[in-house]
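Fold and geometry: a report
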Amino acid sequence: MKPKYTYKKNRNLLKNINFEYFETYSLQRGEKLEKKIKSLESEFDKIKSKTDRNETLKNRLSEFHSSNCQ
């Protein structure tokens, strides 16, 4: 047996919701959020770059160590 749903239009639904604080992704969009996203992406790229460099150095060191220990 299928559950019965009552469909309401968005404006009617929102009028009947009691809330003190309301937040959705779509309401967060804007210039301020876009700047924050770009800042976080930039920070992530820097960290990823450092991680990649560290991995390369580890590999080179490992190769150096294995070639000198033989």
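Please refer to the structure placed before this passage.
Residues numbered from 1 in each chain as written. Predicted model: local features only at pLDDT ≥ 70, side-chain atom pairs only at ≥ 80, totals over all residues. Heavy atoms only, no water.

Tallying each qualifying case throughout the model produces two salt bridges. The salt bridge partner of K35 is E31, with a shortest N-O separation of 3.3 Å. With a gap of four residues between them, K35 and E31 both fall in helix α3 (residues 31-68), about one helical turn apart. Exposure class is identical for K35 and E31. Each is exposed. (Salt bridge = Lys/Arg side-chain N within 4 Å of Asp/Glu carboxyl O. Helix = DSSP H or I, 4+ residues; strand = E, 2+ residues; numbered from the N terminus. Buried < 20%, exposed > 50% of the residue type's maximum accessible area, 1.4 Å probe, protein only.)

Before going further, it helps to spend a moment on a nonpolar patch on the surface. Where nonpolar side chains cluster on the molecular surface, the patch consists of L13, L14 and I17 and spans about 240 Å² of accessible area. Summarising the element assignment, I17 is placed in the loop between α1 (10-15) and α2 (25-28). (Patch = residues over 30% accessible without salt bridge, like charges linked within 9 Å, V, L, I, M, F, W, Y side chains within 5 Å. Areas by Shrake-Rupley, 256 points an atom, 1.4 Å probe, with all protein chains shown as cover.)

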